[in-house]
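Analysis of the macromolecular model
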Amino acid sequence: MMATAIVGGVLLLVVGTVVYSMIRDRKKGKSACSCGGDCSHCKGCH
């Protein structure tokens, strides 16, 4: 029971960190797409 809680907590921490990083990058204008989100120029990164 305790091991399940520890693993769940670690997993929650990792997911939260990833989401926080994605939000922070989006606010800074960064994108996973090389065209910066304007796919009318690069045709198909999404």
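Our subject is the structure that appears above.
Residues numbered from 1 in each chain as written. Predicted model: local features only at pLDDT ≥ 70, side-chain atom pairs only at ≥ 80, totals over all residues. Heavy atoms only, no water.

The next thing to look at is the overall build of the protein chain. On a plain count of helices and strands, the protein chain comes out with two helices and zero strands. Going through the 46 residues of the protein chain one by one, you find that 2% of them count as buried. For the protein chain, the exposed surface amounts to about 4200 Å²; the carbon and sulfur share of it is 67%. (Helix = DSSP H or I, 4+ residues; strand = E, 2+ residues; numbered from the N terminus. Buried < 20%, exposed > 50% of the residue type's maximum accessible area, 1.4 Å probe, protein only. Areas by Shrake-Rupley, 256 points an atom, 1.4 Å probe, with all protein chains shown as cover.)

As a further point, take helix α1 (residues 2-27). The end-to-end C-alpha distance of α1, which contains 26 residues, comes to 37 Å, matching closely the 38 Å that a straight helix rising 1.5 Å per residue would cover. The positive-phi residue at the C-terminal boundary of α1 is Gly 29, with phi of around 90°. (Expected span 1.5 Å × (residues − 1).)

Another aspect to go through is a nonpolar patch on the surface. A cluster of nonpolar side chains, Met 2, Ile 6, Val 10, Val 14, Val 18 and Met 22, forms an exposed patch at the surface whose accessible area comes to about 610 Å². Along the chain, Met 2 turns up in helix α1. Residue classification places Met 2 among the exposed positions, given a relative accessible area of 63%. (Patch = residues over 30% accessible without salt bridge, like charges linked within 9 Å, V, L, I, M, F, W, Y side chains within 5 Å. Salt bridge = Lys/Arg side-chain N within 4 Å of Asp/Glu carboxyl O.)

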